[in-house]
Amino acid sequence: MVLLLGVDRAQPAGLTFWTTEIEPKRMAIQKDLAKRFTASTDIEVEIVPVEESKLPTRVVAAAAAVIVTVPIILLFLILERYMVKGLTAGGIKG
């Protein structure tokens, strides 16, 4: 099983749970656990069944997305003060 946390701005908070359990009985148990978790925490849980043979591809894609996103966020945090200075310097004073 793999747990992938996702942030959805439209909802207060959410989790995406990738599982290799595709058997209906086991999926029903996991969905029940997710419902109980949501009821006690108000955090929505999405369960995504993934065939075991396709899981490595999905994990690599998720890791690649994180690897690509982290430098962009760091760059923004480092250069944010310059962007704010530029926006405020170019603003029209009334």
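This text goes with the structure placed above it.
Below or above, wherever it landed, is the structure these notes cover. Note that this is a predicted model, so its numbers are computed, not measured.

Counting secondary structure elements, the chain contains 2 helices and 3 strands. Ordered by position in the sequence, the α and β elements of the chain form the string β-β-α-β-α. The buried share of the chain, reckoned over its 94 residues, is 13%. Intrachain contacts of the chain at a sequence separation of at least 6 include 50% that bridge at least 24 residues. On the chain, roughly 7800 Å² of surface is accessible, and the fraction owed to carbon and sulfur atoms is 66%.

We now examine helix H1 (residues 24-41). With 18 residues, H1 ought to run about 26 Å at 1.5 Å a step, and its terminal C-alpha atoms sit 25 Å apart, in line with that. Contacts from the buried residues of H1 go to strand S2 (14-19) and strand S3 (44-49).

Taken as a whole, this structure holds 2 salt bridges when the rule is applied. A salt bridge links Glu-21 to Arg-26, with the nearest nitrogen and oxygen atoms 3.1 Å apart. On the accessibility criterion, Arg-26 (43% relative accessible area) is partly exposed. In this structure, Asp-32 and Arg-36 form a salt bridge, with 3.5 Å as the shortest nitrogen-oxygen distance. In this pair, Asp-32 and Arg-36 are both assigned in helix H1, 4 residues apart and thus about one turn of the helix distant. The exposure class assigned to Asp-32 is partly exposed, which follows from its relative accessible area of 38%.

Definitions and limits used
- Residues numbered from 1 in each chain as written.
- Predicted model: local features only at pLDDT ≥ 70, side-chain atom pairs only at ≥ 80, totals over all residues.
- Heavy atoms only, no water.
- Helix = DSSP H or I, 4+ residues; strand = E, 2+ residues; numbered from the N terminus.
- Buried < 20%, exposed > 50% of the residue type's maximum accessible area, 1.4 Å probe, protein only.
- Contact = heavy atoms within 4.5 Å.
- Areas by Shrake-Rupley, 256 points an atom, 1.4 Å probe, with all protein chains shown as cover.
- Expected span 1.5 Å × (residues − 1).
- Salt bridge = Lys/Arg side-chain N within 4 Å of Asp/Glu carboxyl O.

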